[in-house]
Amino acid sequence: MRRQIPLLITFVVGVIMLFEAFIPHPPFDQLNESLSITFDVLAAFAFVLGGGNLAKIHLAKISRSEPGWGYSAVTMAGFFAMLAIGLFKLGGPSGVKHALEAEGSWFQAAYDYCFLPLSATTFSLLAFFVASASYRAFRAKNREATVLLIAALIILLGRTLVGTALTETLPGSLELMFGALLAYLAWEQYRSKRWIPLSLIGAVAAFVLARTLYGYLVLAGGGEFYLLTVPDLVNWIMVVPQLAGQRAIMIGICLGIISMSLRLILGVERSYLGSDND
């Protein structure tokens, strides 16, 4: 019974929430509001449980003088200081009646002058790990990594002043570089005696270079001609291929959520109940 009752509660609540999404009418919408309030109450108890578990782990580490216990001592000092400031609303303009985020309260001051600088420091340190991971990921070991490297370089160039200044100084610089790259690929295909790829790549390279040269002639004659710029290419990458990949990832995440929800509702997934020996 210790397992059947939680499974039954999970099934009933899951089915109610599922029906509420498709039938937003009484009594399902009212049950959803009640269940949301119940969730907030359970979350409050979970915070108490999480704080107790945090104190238990770090205090035990301090008492045993384990390696790194100094960090645990700092963690506990900050934890109990913020707990006391928040519970008793110390330093507030109107005693315990003021809100925690009121101007001049110790809680808001600790958040502004301690938590925010520490968060900024942590994220600034993460930049070095991101740079290291990017260096390992952007190695052109295969075609996919090469495409990723080229796209990353274009975005990095387009998000800086260098990309804008380059396109303003030489409007068709991006098309010239792209045409030169295609010409180099066509030359490699010629050396390898691959005539079909040579004809395709050579035709595209000739079209790009001819279009760029024609654009320069039009601009020299005082006319208007649209040449591809780095910022425009960056916007296209962010709006078209990046957004398409992001939507595919979100669809996969949604399918995973649906699968896990059905496993929980039907009682297939029981890891939240603990092990069988508990």
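Presented here is a report on the structure given in the accompanying data block. (Residues numbered from 1 in each chain as written. Predicted model: local features only at pLDDT ≥ 70, side-chain atom pairs only at ≥ 80, totals over all residues. Heavy atoms only, no water.)

**Overview of the overall build of the protein**
What the protein contains, in helices and strands, is 10 helices and 0 strands. When the helices and strands of the protein are placed in sequence order, the string is α-α-α-α-α-α-α-α-α-α. Its C-alpha atoms give the protein a radius of gyration of 30 Å, clearly above 19 Å, the size a compact globule of 278 residues would have. Sorting the 278 residues of the protein into buried and exposed places 17% on the buried side. (Helix = DSSP H or I, 4+ residues; strand = E, 2+ residues; numbered from the N terminus. Rg over C-alpha atoms; globule rule 2.2 N^0.38 Å. Buried < 20%, exposed > 50% of the residue type's maximum accessible area, 1.4 Å probe, protein only.)

**Remarks on helix H5 (residues 143-158)**
Because the α-helix completes a turn every 3.6 residues, residues three or four places apart line up on one side. Compared with an ideal rise of 1.5 Å per residue, which puts 16 residues at 22 Å, H5 spans 22 Å between its outermost C-alpha atoms and is within 8% of the ideal. Those residues of H5 that fall on the buried side of the exposure criterion are Ala145, Ala152, Ile154 and Gly158. (Expected span 1.5 Å × (residues − 1).)

**Looking at the packing of aromatic side chains**
For the structure shown, the criterion picks out 4 aromatic pairs. These aromatic residues form a ring-pair network of at least three members: Trp187, Tyr190 and Trp195. In this structure, Lys193 packs its charged tip against the face of Tyr190, placed 5.1 Å from the ring centre. (Phe/Tyr/Trp six-rings, centres within 6.5 Å; stacked < 30°, edge-to-face > 60°. Lys NZ or Arg CZ within 6 Å of the ring centre and 35° of its normal.)

**A few points about the packing of helix H9 (residues 230-239) against helix H10 (residues 241-265)**
Direction vectors running N to C along H9 and H10 enclose 15°, while the axes themselves pass 3 Å from each other. As summarised for this structure, H9 and H10 are arranged roughly parallel, according to the angle between their axes. In contact with Trp236, Ile237, Met238 and Val239 of H9, H10 contributes Pro241, Gln242 and Leu243. Looking at the contact of H9 with H10, its residues break down into 6 nonpolar, 1 polar and no charged. (Axes fitted to C-alpha atoms, helices over the stretch in contact; angles between N-to-C directions. Parallel < 35°, antiparallel > 145°, perpendicular 65-115°, else oblique. Contact = heavy atoms within 4.5 Å. Nonpolar A, V, L, I, M, F, W, Y, C, P; charged D, E, K, R; others polar.)

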